[in-house]
Amino acid sequence: MMPVGEHWDLSLRHLALDAISAARADSGGLRPQALYVANVLAPALSGQSHLGALLADFTGLRGVEASTIEASGASGGVAVRQAYLALTSGALDVAIVLGVEKITDKASGQVQAALATSTDSEYEAVHGVTPSTQAALLMQRYLYEHGAPKDSMAGFSMTAHQNAVTNPNAMFRKAIRHEQYARAPIISEPLNTFDVAPLGDGAAALVLARAAALPNRHDYPQVVIAGSAVSTSALAVHDRPNPLHLTAASQSAEAAMLQASLSLEDIGLFELHDSFSIFAALSLEAAGFAAPGHGWKLAQNGDISLAGKIPISTFGGSKARGDPGAATGIYQLAEATLQLQGRANENQVPNAAIAMTQCLGGSGATASTHILRRPN
Amino acid sequence: MNRLASMETSQHWRLRQQRYALVGEVCPHCTTKIFPPRDICPDCGEDARDLYQFSGRGEVYSHTTVYQAPSGHSSNAPYPVAIVRLEEGPLVTAQLTDIGDQPVEIGTQVEMVTRKLGADGERGMLVYGYKFRPILAER
Ligand SMILES: [Zn+2]
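Now for a quick tour of the structure.

Parameters at a glance
Residues numbered from 1 in each chain as written. Chains lettered and ligands numbered in written order. Predicted model: local features only at pLDDT ≥ 70, side-chain atom pairs only at ≥ 80, totals over all residues. Heavy atoms only, no water. Core = buried A, V, L, I, M, F, W, Y, C linked by side-chain atoms within 4.5 Å. Buried < 20%, exposed > 50% of the residue type's maximum accessible area, 1.4 Å probe, protein only. Contact = heavy atoms within 4.5 Å. Pairing = 2+ DSSP bridges. Helix = DSSP H or I, 4+ residues; strand = E, 2+ residues; numbered from the N terminus. Axes fitted to C-alpha atoms, helices over the stretch in contact; angles between N-to-C directions. Buried area = accessible area lost by both parts, 1.4 Å probe. Salt bridge = Lys/Arg side-chain N within 4 Å of Asp/Glu carboxyl O. Phe/Tyr/Trp six-rings, centres within 6.5 Å; stacked < 30°, edge-to-face > 60°. Donors = N, O, S within 2.8 Å, 3.2 Å for Na, K, Ca; no water. Tetrahedral: all angles 85-135°; square planar, octahedral: opposite > 155°, others 65-115°. Polar contact = N/O pair within 3.5 Å; in protein donor to acceptor, adjacent residues only side chain to side chain.

## Concerning the nonpolar core
All names here are of chain A. Ranked by size, the top nonpolar core spans 64 residues in total, and within it Y142, F156, I278, F289 and I371 carry the most contacts. Once residues lying within four places of it in the same chain are set aside, the contact partners of F289 are L264, I267, F270, L284, L298, I310 and M356. Core analysis: the next-biggest nonpolar cluster, separate from the first, contains 57 residues, L98, L269, L340 and L372 among them.

## Focus on the sheet that holds strand β6 (residues 202-209) of chain A
All names here are of chain A. The strand order β2-β1-β3-β6 describes an open sheet built from four strands, whose pairing is mixed. A single partner strand is all that each edge strand has here, and the edge strands are β2 (65-69) and β6. The sheet shows a mean angle of 15° between the axes of neighbouring strands, direction not considered. Sheet strands in contact with helix α1 (residues 12-26) are β1 (34-38), β3 (94-101) and β6, and its direction is about 35° off that of β6. The sheet strands contacting helix α12 (residues 328-340) are β3 and β6, and the helix crosses β6 at an angle near 60°.

## Some words on the interface of chain A and chain B
Interface extent is often summarised as the accessible area lost during association of the parts. Between chain A and chain B, the contact holds 30 residues from the first and 33 residues from the second. When the two sides are added together, the surface that chain A and chain B hide from each other amounts to roughly 2,800 Å², 56% of it contributed by carbon and sulfur. The largest share of the area that chain A buries against chain B comes from Y123, H127 and L137 of chain A, three residues that together contribute 25% of it. At the junction of chain A with chain B, the criterion picks out one salt bridge.

## Observations concerning the pairing of strand β4 (residues 57-66) of chain B
Residue and element names in this part refer to chain B. With eight of ten residues buried, β4 is to be regarded as a mostly interior element. Bridge count between β4 and strand β7 (residues 109-120): three bridges; the pairing is antiparallel. Its bridge partner being in β7, R57 is matched across the sheet by E111.

## Some words on the pattern of salt bridges
In total, this model carries 15 salt bridges over all chains according to the counting rule given. Note that D57 of chain A is salt-bridged to R62 of chain A, the shortest N-O span being 2.5 Å. With a shortest N-O distance of 3.1 Å, D93 of chain A and R210 of chain A are connected by a salt bridge. Pair noted here: D93 of chain A is in the loop between α4 (75-88) and β3 and R210 of chain A is in the loop between β6 and β7 (224-232), with a separation of 117 residues, a long-range link. Members of the salt-bridge network, linked through shared partners, are D98, E111, R115 and R133 of chain B.

## Structural notes on the packing of aromatic side chains
As enumerated under the stated definition, the model contains seven aromatic pairs over all chains in all. Here the aromatic rings of F276 of chain A and F279 of chain A are separated by 5.9 Å at their centres, their planes lie at 75°, and the arrangement is edge-to-face. Residues F276 of chain A and F279 of chain A agree in their burial class; the two are buried. With centroids separated by 5.0 Å and ring planes inclined at 80°, the aromatic side chains of Y52 of chain B and F54 of chain B adopt a geometry described as edge-to-face.

## Looking at the coordination of the zinc ion
Residues and elements named next belong to chain B. Only C27 (SG), C30 (SG), C41 (SG) and C44 (SG) from the protein coordinate the zinc ion, and they sit 2.3 Å from it. In this structure, the zinc ion is surrounded by four donor atoms whose angles at the metal cover 104 to 118°, and the resulting shape is tetrahedral. Of note, the zinc ion draws all its donor residues from one chain, in the sequence arrangement C-x2-C-x10-C-x2-C. Taken as a pair, C30 in the loop between β1 (23-26) and β2 (33-34) and C41 in the loop between β2 and β3 (50-53) lie far apart in primary sequence, eleven residues in all. For C30, a relative accessible area of 29% puts it in the partly exposed group. Classification of C41 as buried rests on a relative accessible area of 3%.

## Focus on the environment of Y130 of chain B
Topologically, Y130 of chain B is positioned in strand β8 (residues 125-134). A relative accessible area of 1% places Y130 of chain B in the buried class. Discounting chain neighbours no more than four positions away, the residues touching Y130 of chain B are Y123 and H127 of chain A together with Q18, R19, L22, F35, V92, T93, A94, M112, V113 and L117 of chain B. Among the polar contacts listed, one links the side chain of Y130 of chain B to the side chain of H127 of chain A, at a separation of 3.4 Å.

## Thoughts on helix α7 (residues 154-164) of chain A
Residues and elements named next belong to chain A. Most of α7 is tucked away, with nine of its eleven residues classed as buried. Those residues of α7 not exposed but buried are A154, G155, F156, S157, T159, A160, H161, N163 and A164. For α7, the secondary structure elements touched by its buried residues are α8 (178-183), α10 (277-287) and α11 (317-321).

## Some points on the pairing of strand β9 (residues 354-361) of chain A
All names here are of chain A. Within β9, eight of the eight residues are buried, leaving the element largely enclosed by the surrounding structure. Side chains of β9 alternate between two faces, with I354, M356, Q358 and L360 and A355, T357, C359 and G361 buried alike. When strand β8 (residues 269-271) meets β9, the two strands line up parallel, connected through three bridges. Bridged to F270 within β9 is M356. Of the pairings in the sheet, the one linking β9 to strand β10 (residues 366-373) comprises eight bridges and is antiparallel in character. Note on β10: the bridge partner recorded for A355 is L372.

In short, geometric facts, not functional conclusions.
Put into C-alpha cells, the structure is as follows:
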C-alpha cells in the first residue's frame, strides 16, 4: 500500500512498481502468473490505456497474462473477483491484483469530467451531473424521506478521521470535531466538504494464491477469501425503482455471505465504500446492519468505531485515508487483511476474525463484496 | 466537418426525440411508461418499443446545486440539478431553470422546457435538450 495523496514525484508506473514490490516481498516472494490491474482514470487523465502489459513489463513481470479491469469505483473488488475465479478454477496458482490511480496531475474540471463518465453519459453527465451530484441528490432525498437531521452524516466523517490519525498511509491524520463538520463549506447541498472523500494518487497490491501454492513457512497468518461476489444495477440514479436502496450492494453482500456460510452477526468489521458519507449509511442498510433510514444512527452511538459492534473505515476509509479511485477495493482488502493478521497496530479491531469489504462503482451500479477469514 | 465532429453530431442526433420532446416508450404488455427509453420493460422484462409522448409535467423528487462543474458546463456553474418524478411515473435527471423567488423543494411542481444543456467535445458543440421549470400558480 502506498500512502494516498499527491505523489508529484511518482508516475503511474512507479506507483505500481512500489506497490507490487511491497506486496511480493510481503508474500515471501511468490511469482505471479497473472496481473489484474484495477484502474479507471489513466486513459482520460494520463493518456494511457493498455495498462496490463505496460505495468507487467515495468514491474518485472514481463510475459505474464495481464489486463485492466474497469468498473468505476468498484474496479478493485471486481479485479479481485476475476483473480479469485481464475485461481479457484485451477487455471492459475498465483495472481497479483493491483489497484492504481494517478489523479493529481490534472485540473479539477478535467478530473470532474473524467469522473462523470461513470454516470450515464446520455442521461446524467449531459446535464452536468457528476458523482458528487448523484451523492447530493441521494442525500437530499434520504434526509427528506427519513426525516433525518441535517448533520446526520457527521458521525461517519468524524469516525473516519479519528481512525486515520494512526494510519501512516492516510491523507488526513487529524481528528475533526462536530463544529467543524457543521461549519464546513458546501460542495453540492446538502453535501459539504466533510461528506466528500478527497481524491488522491494511490497504489496497492495483493498477492492471491491457491492454498497448494503457498510456501510451507510464511511470516504472517494467511487470510482466506471465504466469499466473493459482484452484482450490478442501473448506472443512472433515476433508473432504479428506489434510488435509496442499493440493490447491487444488497445482492453481492448476500451472495458473499451465503458462499461463506456466515450471517451478519459473524462479521467483525466492514470496510465499506465511503467516497461520500451517504454511501456509508446506504451500504450499512443494504447489507442489513441497519433498517432503511437508520444507517446514520450507527454513526451516532459508537457502533462503527474500532471497539464498536460493527467497525467500519478502520484505517480512515476513503474519507480520511484518501480516495484512490479504482484502487479503493484493493486498499480495503489490504486493510482488512492487516486486521485479520493482527498487524493493524493502533487501528487493531480487537479479536478480528472475519471481515467484509465492499466497494461501489458509480452511485452503486456495481458492487463487489468479499469476506475474509483468519484461519484458526 | 471532420470525422470527430460528425460522430459527435450523430450521437446527439440519435437522441433528438428524447432530448427535445421527451419521447419515451410504453410497454404493450403491462402499460408501464418508460423514460429514458430502453426497449426492454424494466417492470415485466418484455419487449417495449412503442413510442410514448410524455406530458413534461412532474414534481421534484430530489435536488441540489452543482458548483464544481465538469469541463463543458463550467461557464454555466453554479446550476441547479434535480431528479423529477414525471406524472406518468418514471424518474428523470435534468437541470432546473427559470427559478423565481420561490425556493425549490422536494414536491415542487415542474414542467419541461427546451434549453441549452452545455458544450460537448473538443470543438465545444452546443447540446440542447430538456430542463424543468417550476409551474407558477397563475400559469
Ligand atoms: Zn412491461
